[in-house]
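What follows is each chain in one-letter form.
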Amino acid sequence: MKIGAHVSVAGGFYRGVENAQKIGAETFQIFGASPRQWQAKIPSVSEIKKYREALKKSGLGPVFIHSAYLVNLASPVSDLRKKSIASLTAHLKIAEALGAFGLIFHVGSSKKMAKEKGIDFIFQGIKEVLKNVKGKSKLILENDAGGGGKVGGLEEIAEIIKKVKSNRIDICFDTAHAFESGMIKEYSSAELKDFFSVWDKKIDLKKIAVIHANDSKTAAASHHDRHANIGEGYIGLSGFKNLSKVPHLKDIPWILEVPGFDGNGPDKKNIDILKKITK
Ligand SMILES: [Zn+2]
């Protein structure tokens with residue numbers, strides 16, 4: 001199991017490699033562009049070269065790109081759906097240019113509109129983005145904390161994956177979101193065994209390409225998305241230890257998106273804790 005973290009690329013994409021190395025990450029995630037803007041600029045040839053050289057030298061990877069927060073393929077507002085498709089298209093091009101494994105994005109929210117309609121919009125949007133960008137990088141759906149018309153539950157993700165029928169679509173399983181949405185209530189061995197065997201039947205466990213390993217500051221089924229450092233939240237050390245024993249999940253990258261013990265984002269201490277308990 002490779003353990004890594006979301007890292008900053010302020011100052012250039014190659015800085016992501018340096019920042020990952022600094023905290024002992026073996027794999028990492030970065031933003032492809034500013035997460036609070038629709039615009040996403042394709043990096044220049046020289047920037048790509050500098051990044052790829054640094055990455056190769058480091059031996060780190062796989063690398064994941066995280067989409068902008070604004071993206072919502074399930075939006076009832078057609079203009080927002082169009083902007084979301086354009087943003088994901090640009091980010092997937094960046095992922096291709098950087099040779100990243102894939103682009104992670106949140107499944108989305110259909111707000112007050114019927115969820116079925118939202119799922120159909122997500123399906124249409126994914127099809128369009130995949131058509132716009134040919135290549136190897138995958139689109140990776142991330143489960144949500146739920147509430148507010150959010151679509152990212154197990155049944156819904158399964159439905160989308162089945163409809164899209166592409167080997168360029170994968171899943172990112174966020175531990176905090178699964179807990180906050182009420183999908184998983186206590187991360188006990190027995191509950192995880194049951195949960196993932198159902199998942200395996202509905203979707204195929206192998207579709208999960210990456211774990212977002214985050215503890216949760218809020219209680220189970222809170223629908224409140226607040227990440228905590230590993231061991232400082234409701235999932236706790238034993239929860240992560242139990243999760244690391246689930247077949248397949250122990251073989252894929254685990255990426256931290258935690259506040260950090262100094263409040264500066266994912267740090268060496270969180271990585272060391274995860275490495276220790278999942279050994
Ligand atoms: Zn996440």
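What you see is a predicted model, and the numbers here were worked out from it, not measured in a lab.

Turning next to the overall build of the chain. In terms of helices and strands, the chain carries nine helices and 10 strands. Relative to the 2.2 N^0.38 estimate, which gives 19 Å for 279 residues, the radius of gyration of the chain is 18 Å and therefore close to what a compact globule would have. Judged by the C-alpha coordinates and their principal axes, the chain covers about 45 × 45 × 30 Å. Expressed as a percentage of its 279 residues, the buried residues of the chain come to 48%. Sequence separation of at least 24 residues holds for 75% of the intrachain contacts in the chain that already meet a minimum separation of 6.

We now examine helix α1 (residues 14-22). Residues three or four positions apart in an α-helix share a direction because the helix packs 3.6 residues into each turn. Three or more residues of α1 are buried, namely Gly16, Val17, Asn19 and Ala20. Buried residues in α1, looked at end-on, bunch into an arc of 165 degrees, giving them a common side. Of the surrounding secondary structure, the elements contacted by the buried residues of α1 are β1 (3-6), β2 (28-31) and α2 (45-58). Phi turns positive, to about 75 degrees, at Gly24, one or two residues after α1.

This paragraph deals with the packing of helix α3 (residues 78-98) against helix α4 (residues 115-132). Remark: α3 packs on α4, axes separated minimally by 9 Å, with the N-to-C direction vectors making an angle of 40 degrees. Classified by chirality, the crossing of α4 by α3 is right-handed. Across from Arg81, Ser84, Ile85, Leu88, Thr89 and Leu92 in α3, the residues of α4 making contact are Phe121, Gly125, Glu128, Val129 and Asn132. Each residue belonging to the contact of α3 with α4 can be placed in one class, and the counts come to five nonpolar, four polar and two charged.

Let us now look at α2. Over its 14 residues, α2 runs 20 Å from end to end, which matches the ideal 20 Å to within 8%, given 1.5 Å per residue. Gly59 occupies a position one or two residues after α2 and carries a positive phi of about 75 degrees.

Judged by which residues are buried, strand β3 (residues 63-66) turns out to be covered on both faces: Val63 and Ile65 on one side and Phe64 and His66 on the other are all buried. Pairing between β2 and β3: four bridges, direction parallel. Bridge pairing in β3 links Ile30 to Ile65. For the segment spanning β2, α2 and β3, crossover handedness is right-handed. Bridge count for β3 against strand β4 (residues 102-106) is three bridges, and the pairing is parallel. Bridged to Ile65 within β4 is Leu103. Each parallel crossover has a hand, and for β3 linked through α3 to β4 it is right-handed.

Following the sequence through the fold, Ala209 ends up in strand β7 (residues 208-213). With 38 residues separating them in the primary sequence, Ala209 and Ile171 have C-alpha atoms 5.8 Å apart. Leave out the neighbours within four places in its chain, and Ala209 touches Gly102, Lys138, Ile140, Asp170, Ile171, Cys172 and Ile252.

With that settled, the discussion passes to the environment of Ile65. Along the chain, Ile65 turns up in strand β3. Using a count of 24 C-beta atoms within 10 Å as the deciding quantity, one classes Ile65 as buried. Sequence-wise, Ile65 and Phe105 are 40 residues apart; in three dimensions their C-alpha atoms are separated by 8.8 Å. Excluding its chain neighbours within four sequence positions, the residues that come into contact with Ile65 are Ile30, Gly32, His91, Ile94, Ala95, Ala100, Leu103 and Ile104.

Reading the values: the criteria
Residues numbered from 1 in each chain as written. Predicted model: local features only at pLDDT ≥ 70, side-chain atom pairs only at ≥ 80, totals over all residues. Helix = DSSP H or I, 4+ residues; strand = E, 2+ residues; numbered from the N terminus. Rg over C-alpha atoms; globule rule 2.2 N^0.38 Å. Buried ≥ 20, exposed ≤ 12 C-beta atoms within 10 Å, placed from the backbone. Contact = placed C-beta atoms within 7 Å. Arc of directions from axis to C-beta. Axes fitted to C-alpha atoms, helices over the stretch in contact; angles between N-to-C directions. Left-handed = near helix turned anticlockwise from the far one by under 90°. Nonpolar A, V, L, I, M, F, W, Y, C, P; charged D, E, K, R; others polar. Expected span 1.5 Å × (residues − 1). Pairing = 2+ DSSP bridges. Right-handed = clockwise from strand over helix to strand, strands pointing away.

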